[in-house]
Amino acid sequence: MNIDFHCHTTVSDGSLSPAELLDLALERGIDMLSITDHDTLGAYQKLTKTNSGLRIIPGIELSSQWNRRGIHIVGLNVGLDSPSILQAVEQQSNARRERAEIIAEKLERLGFTDCFAGALSFASGPDQIGRPHFARHLVNIGAVSNIQQAFKRYLGAGKVGDIKDQWADAETVISWIRDAGGVAVLAHPTKYKLTRSKLVELLRDFKDAGGEAMEVISGAQEPSVTRDMARLCTDIGFDASCGSDFHSPNQPWAALGKVAPLPDSCTPIWQRWH
Ligand code: AMP
Ligand code: MN
Ligand code: MN
Ligand code: MN
């Protein structure tokens, strides 16, 4: 089974349209796919053609915070018309737009011009602006030479543009997902730069709040990391998810449909829908 339960389109910060992403997924032989754009389900409105041979599990990647740290929670198999998820998307959209205004203001205080309009020019709408769009603007105006540098200097963890107070806390996000009939999955647990004990604390809190799974595999990762995440996952009693976190075809470390197999010890989350 080729499963990819984490990827992005132009509706959030990816470079392929939903239709292009679907074509690539079919080309890569994906059996089950979830498009998990940041805080929006917009891609699902743009998927009109019925597709054979590929099962789509409706999903979303919701921005959240846990103990004042930014974390991401993937909701899988959410009901696209459920009032709970529609309300979640509306609240997150407002948060994202307000956050973008704050980020723009902070960057402009450093002397960079036209930041809101510039970021917006790369986004699918004012409710969808994210830090990658600001990064592109900073490259565009020559403030930095590439996206990485934009994150390193201005947008990455702890920098002036790293604003996360707007996001709902993890308990709230998990209940939105559950109320929409979905499963809450902790996204890319290794990306938060947590100590071991903090990570275990996060997993416990996540479970206590109703979370049921974690990404054991996120993009290309060392086999030792996979073994480690699989152990944490089975110890806490979570189902295991996996995904590329695909954003663009020119990022080989996050290639759509090229996700390594889960270790046998894991309970794959897709057994619920297979
Ligand atoms: P946001 O949703 O606005 O908080 O932006 C987060 C997104 O920025 C992530 O989903 C990644 O796509 C991207 N991102 C985060 N860190 C980096 C980085 N260091 N370099 C490039 N892109 C990044
Ligand atoms: Mn992203
Ligand atoms: Mn993420
Ligand atoms: Mn993602």
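Refer to the structure printed above.
In this report, we go over the structure that sits alongside the text.

Reading the values: the criteria
Residues numbered from 1 in each chain as written. Chains lettered and ligands numbered in written order. Predicted model: local features only at pLDDT ≥ 70, side-chain atom pairs only at ≥ 80, totals over all residues. Heavy atoms only, no water. Helix = DSSP H or I, 4+ residues; strand = E, 2+ residues; numbered from the N terminus. Rg over C-alpha atoms; globule rule 2.2 N^0.38 Å. Buried < 20%, exposed > 50% of the residue type's maximum accessible area, 1.4 Å probe, protein only. Donors = N, O, S within 2.8 Å, 3.2 Å for Na, K, Ca; no water. 1 Å grid on protein atoms, 1.4 Å probe; cavity = no way out; pocket = protein on both sides within 12 Å on 5 of 7 lines; lining within 4 Å. Points joined across faces, edges and corners; volume = space filled by probe spheres on them. Nonpolar A, V, L, I, M, F, W, Y, C, P; charged D, E, K, R; others polar. Pairing = 2+ DSSP bridges. Near = heavy atom within 4 Å. Polar contact = N/O pair within 3.5 Å; in protein donor to acceptor, adjacent residues only side chain to side chain. Areas by Shrake-Rupley, 256 points an atom, 1.4 Å probe, with all protein chains shown as cover. Sits in = over half its atoms within 2 Å of the grid points. Salt bridge = Lys/Arg side-chain N within 4 Å of Asp/Glu carboxyl O.

Glancing now at the overall build of the chain. Assigned secondary structure in the chain consists of nine helices and eight strands. On C-alpha atoms alone, the chain measures out to a radius of gyration of 18 Å, which is about the 19 Å that the 2.2 N^0.38 rule sets for 274 residues. When its C-alpha atoms are laid out on the principal axes, the chain stretches across 55 × 45 × 40 Å. The proportion of buried residues among the 274 residues of the chain is 53%.

Let us look at the coordination of the manganese ion (ligand 4). Octahedral six-donor coordination of a metal ideally yields angles of 90 or 180 degrees, compared with 109.5 degrees for tetrahedral four-donor coordination. In the first shell of the manganese ion (ligand 4), the protein supplies His6 (NE2), His8 (NE2), Glu61 (OE) and Asp245 (OD), at 2.1 to 2.2 Å from the metal. Mapped onto the sequence, the donors of the manganese ion (ligand 4) take the spacing H-x1-H-x52-E-x183-D. Between the manganese ion (ligand 4) and the manganese ion (ligand 2), a spacing of 4.7 Å is present. Of this pair, His6 sits in the loop between β1 (3-4) and α1 (18-27) while Asp245 sits in the segment after β8 (239-243); the two residues are 239 residues apart in sequence, bridging distant segments of the chain. Note on accessibility: His6 and Asp245 belong to one class, buried.

Bringing unusual backbone geometry into the picture now. The backbone phi angle of Asp39 is positive, close to 60°, even though this residue is not glycine. Position of Asp39 among the secondary structure elements: in the loop between β2 (32-33) and α2 (42-46). The exposure class assigned to Asp39 is buried, which follows from its relative accessible area of 1%. Positive phi is not limited to glycine here, since Asp245 has a value of about 55°.

Attention now goes to the layout of surface pockets. Within this model, the largest pocket holds a volume of roughly 1800 Å³. Contributing to the lining of the largest pocket are 49 residues, with His72, Arg131, Pro132, Phe151 and His247 lying nearest its centre. Mapped by element, the contributors of at least two residues to the lining of the largest pocket are β4 (59-66), β5 (69-76), α3 (83-109), α5 (131-140) and α6 (147-155). Looking at side-chain class alone, the lining of the largest pocket contains 13 nonpolar, 23 polar and 13 charged residues. Its boundaries defined by the atoms lining it, the second largest pocket holds a volume of some 200 Å³. In terms of lining, the second largest pocket is formed by Thr40, Leu41, Gly42, Tyr44, Gln45, Leu80, Asp81, Leu86, Val89, Ser93 and Gln128. Taken together, the residues of the lining of the second largest pocket sort by class into five nonpolar, five polar and one charged.

This brings us to the coordination of the manganese ion (ligand 3). Within the protein, Glu61 (OE), His72 (ND1) and His188 (NE2) serve as the donor atoms for the manganese ion (ligand 3), at 2.1 to 2.2 Å. Counting along the primary sequence, the residues that act as donors to the manganese ion (ligand 3) give the motif E-x10-H-x115-H. A gap of 5.7 Å separates the manganese ion (ligand 3) and the manganese ion (ligand 2). Placement of the pair is His72 in strand β5 and His188 in the loop between β6 (183-186) and α8 (196-208), with a sequence separation of 116 residues. On the accessibility criterion, His188 (7% relative accessible area) is buried.

What follows covers the sheet that holds β1. One open sheet accounts for three strands, arranged β1-β2-β3; its pairing is parallel. Each edge of the sheet is formed by a strand with only one pairing partner; in this case those strands are β1 and β3 (55-56). Here two bridges tie β1 to β2, and the two strands are oriented parallel to one another. Directly across from Asp4, in β2, lies its bridge partner Leu33.

Before going further, it helps to examine the site of ligand 1. Around ligand 1, the neighbouring residues are Asp13, His38, Arg96, Arg99, Gly130, Arg131, Pro132, Gln148, Phe151 and His247. A distance of 3.0 Å is found between an oxygen atom of ligand 1 and a side-chain nitrogen or oxygen belonging to Arg96. A distance of 3.2 Å is found between a nitrogen atom of ligand 1 and a side-chain nitrogen or oxygen belonging to Gln148. The fraction of the free accessible surface of ligand 1 (500 Å²) that becomes covered by protein chains is 74%. When atom positions are compared with the pocket grids, ligand 1 is found to occupy the largest pocket. Contributing elements (two or more residues each) for the shell around ligand 1: α3, α5 and α6. Its residues placed into classes, the shell around ligand 1 shows two nonpolar, four polar and four charged.

Here we come to the pattern of salt bridges. If you walk through the whole model with that rule in mind, you get twelve salt bridges. Put simply, Lys198 and Glu201 hold a salt bridge, and the shortest N to O gap is 3.4 Å. Linking Lys198 with Glu201, this pair stays in helix α8, spanning three residues, or about one helical turn. Taking relative accessible area as the criterion, Lys198 reaches 27% and is therefore assigned partly exposed. Owing to a relative accessible area of 31%, Glu201 belongs among the partly exposed residues under this scheme. The structure contains a network of salt bridges with shared partners spanning Arg178, Glu212, Asp239 and Arg272.

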